[in-house]
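Per-entry structural report
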Amino acid sequence: FTVISIRHLYKRFGKKEVLHDIHLDLEDCTYGLLGPNGSEKTTLMRCIAGIYSYDGQILPEGKPAGKGNRVSDSLGYLPQTFTMY
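First, a word on what this report is: a plain description of the structure on this page. All chains use their own residue numbering, which begins from 1 and follows the written sequence. Side-chain atom pairs in this predicted model are given and counted only at pLDDT of 80 or more, local residue features only at pLDDT of at least 70, and totals for whole chains, interfaces and linings cover all residues. With hydrogens and water stripped out, all remaining heavy atoms of the structure feed into the side-chain values.

Looking at the side chain of Lys11
Spelled out, the test is: Numbering of helices and strands runs from the N terminus; a helix is a DSSP stretch of H or I covering at least four residues, while a strand is a stretch of E covering at least two. Residue exposure (1.4 Å probe, protein chains only): buried if accessible area is under 20% of the type maximum, exposed if over 50%, otherwise partly exposed. Charged-residue counts in this description rest on Lys and Arg as positive and Asp and Glu as negative, His and the chain ends being excluded. Take a side-chain nitrogen of Lys or Arg and a carboxyl oxygen of Asp or Glu: if they are within 4 Å of each other, that pair is a salt bridge. Here a polar contact is taken to be a pair of N or O atoms separated by no more than 3.5 Å, where protein atoms must pair a possible hydrogen donor with a possible acceptor and residues adjacent in sequence count only if both atoms sit in side chains. Here, residues are in contact when the closest pair of their heavy atoms is within 4.5 Å.
Locating Lys11 in the fold gives a position in strand β1 (residues 2–13). Despite its burial, Lys11 remains without a salt bridge, the nearest opposite charge being carried by Asp55 at 8.0 Å. At a separation of 3.1 Å, a polar atom in the side chain of Lys11 contacts the main-chain carbonyl oxygen of Ser53. The residues touching Lys11, leaving out its near neighbours within four places in the chain, are Lys16, Glu17, Val18, Leu19, Thr43, Cys47, Tyr52 and Ser53.

As structure tokens, then:
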């Protein structure tokens, strides 16, 4: 079944649009993002993880996010470099 659905995802930094109309259905599997440096893999993951704001929809289990239905309930995210808070 679909764990996360992404619809019309856009992300801007100032006037620069870095993610444009992303559509994905992620099923209950393990995924890896591959691409060259600067292809916005980290930006996409930070949007999905709720670290960055974005325009569009990220739907856990195909339903609007809310209490008891959050993307973070279905996602394990370990960035290459991180800091302790």
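A closer look at the pattern of salt bridges
For the coordinates displayed, the defined rule picks out two salt bridges. Two residues, Arg7 and Asp25, come together in a salt bridge whose shortest N-O distance is 2.7 Å. Remark: Asp25 occurs in strand β2 (residues 16–27) and Arg7 occurs in strand β1; sequence separation between them is 18 residues. With relative accessibility at 26%, the residue Arg7 sits in the partly exposed group. The exposure class of Asp25 is partly exposed, given its relative accessible area of 42%. With a shortest N-O distance of 3.9 Å, Arg12 and Glu17 are connected by a salt bridge. Of the residues examined, Arg12 reaches a relative accessible area of 46% and is grouped as partly exposed.

What to know about the nonpolar core
Put simply, the rule is: Among the buried residues, those of types Ala, Val, Leu, Ile, Met, Phe, Trp, Tyr and Cys that are joined through side-chain atoms within 4.5 Å form a nonpolar core.
Counting residues in each nonpolar core, the largest one holds 12 residues, listed as Val3, Ile4, Ile6, Leu9, Val18, Leu19, Leu26, Leu44, Cys47, Ile48, Ile58 and Val71. Contributions of two or more residues to this core are made by β1, β2 and α1 (41–48). It is β1 that contributes the most residues to this core, four residues altogether.

Re the side chain of Thr43
Topologically, Thr43 is positioned in helix α1. If we skip the residues at most four places from it in the chain, Thr43 touches Lys11, Phe13, Val18, Leu19 and Tyr52.

Here we look at unusual backbone geometry
The residue His8 is not glycine, and still its phi comes out positive at about 50°. Relative to the helices and strands, His8 is located in strand β1. Taking the relative accessible area as the measure of exposure, His8 reaches 43% and is therefore partly exposed. One non-glycine residue, Glu40, adopts positive backbone phi at about 70°. Here Glu40 shows up in the loop between β2 and α1.

What about the packing of aromatic side chains?
As a reminder, the rule being used: The criterion for an aromatic pair is that two Phe, Tyr or Trp rings (for Trp, the six-membered ring) have centres within 6.5 Å, with stacked assigned to planes under 30 degrees apart, edge-to-face to planes over 60 apart and tilted to the rest. Lysine NZ or arginine CZ positioned within 6 Å of the ring centre and within 35 degrees of the ring normal marks a charge as sitting over the ring.
Under the defined criterion, the tally for this structure stands at one aromatic pair. With a centroid separation of 5.6 Å and 80° between ring planes, the pair formed by Phe13 and Tyr52 is classed as edge-to-face. Pair noted here: Phe13 is in strand β1 and Tyr52 is in the loop between α1 and β3 (55–60), with a separation of 39 residues, a long-range link. In this structure Tyr52 comes out as partly exposed when scored by relative accessible area, which is 24%. The ring of Phe13 carries Lys11 above its face, with NZ or CZ at 4.9 Å from the centroid. Between the NZ or CZ atom of Lys11 and the centre of the ring of Tyr52, over which it lies, the distance is 5.2 Å.

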